[in-house]
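Secondary and tertiary structure notes
Single-letter residue listing:
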Amino acid sequence: TLTAPLVAEARSLGFTVEDEAYRAAHIVGLRAPAGVDLADVATRLKANRVHVSLRGSAIRVSPHVYNDRRNVDALVDVLAEVRAGSAGGRAAVRA
């Protein structure tokens, strides 16, 4: 599934994700670490044509049959940019 790599990547960037036993397999809520502005995340995601919804303090992601790994990568790239505080992407966070 697409949710497993998404959850692993998001957690590595400091986002909190409910354990699998307590969430639906097809919906993932990403809770941002302190200091991350969800409005900024939403703006960046929209600019990169990544469609999610903000629900309270979480980013709701619901991959479907028409999504693929490239969509997950685009989402994770934006999350990494936000965490790095620049447009450096995943490499900047992991360096």
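Use the structure listed above.
Each chain has its residues counted from 1, running along the sequence as written. Only residues with pLDDT of 70 or above have their local features reported here, since the model is predicted, and side-chain atom pairs are shown and tallied only from 80 upward, although totals for entire chains, interfaces and linings are computed over all residues. To get the side-chain values, take all heavy atoms of the structure and skip hydrogens and water.

Before going further, it helps to examine the pairing of strand β2 (residues 28-31). Burial along β2 is one-sided: Val28 and Leu30 are buried, and none of Gly29 and Arg31, which face the opposite way, are. Across two bridges, strand β1 (residues 16-17) lies against β2 in antiparallel orientation. In the strand pairing of β2, Val17 is matched with Leu30. Between any two strands, pairing holds if DSSP finds at least two bridges. Only DSSP runs of H or I covering at least 4 residues are called helices, and only runs of E covering at least 2 are called strands; the numbering of each starts at the N terminus. Where β2 and strand β4 (residues 58-61) come together, four bridges link them in antiparallel fashion. Within β4, the position partnered with Arg31 by the bridge is Ala58. Relative accessibility decides the category of a residue: with a 1.4 Å probe and only protein chains considered, values under 20% of the type maximum give buried, values over 50% give exposed, and everything between is partly exposed.

Between the first and last C-alpha of helix α3 (residues 69-84) there are 22 Å, a value that for 16 residues agrees with the 22 Å anticipated at 1.5 Å per step. Buried residues of α3: Val72, Leu75, Val76, Val78, Leu79, Ala80, Glu81 and Val82, and no others. Just past α3, the residue Gly85 takes up positive phi, approximately 75 degrees. One fewer than the residue count of a helix, multiplied by 1.5 Å, yields its expected span.

A pair is scored as a salt bridge if a Lys or Arg side-chain nitrogen falls within 4 Å of a carboxyl oxygen belonging to Asp or Glu. In this structure the tally under the stated criterion is six salt bridges. Between Glu9 and Arg69 there is a salt bridge, with its nearest N and O atoms 3.7 Å apart. Here the residue Glu9 occupies a position in helix α1 (residues 3-12), and Arg69 occupies one in helix α3, the gap between them amounting to 60 residues. When its relative accessible area of 36% is taken as the criterion, Arg69 is described as partly exposed. In this structure, Asp19 and Arg11 form a salt bridge, with 3.6 Å as the shortest nitrogen-oxygen distance. On the basis of relative accessible area, Asp19 is assigned to the partly exposed category, the value being 46%. A single salt-bridge network, built from bridges that share partners, covers Glu9, Arg69 and Asp73.

On to the side chain of Ser53, then. Here Ser53 is to be found in strand β3 (residues 53-55). A distance of 3.4 Å separates a polar atom in the side chain of Ser53 from a polar atom in the side chain of Arg55. The contact criterion used throughout is that any non-hydrogen atoms of two residues lie within 4.5 Å. Those residues in contact with Ser53, other than ones at most four positions away along the chain, are Ala58, Ile59 and Arg60. Whenever two N or O atoms come within 3.5 Å, that pair is a polar contact, provided that in protein one can donate a hydrogen and the other can accept it, and provided that, for residues adjacent in sequence, both atoms are side-chain atoms.

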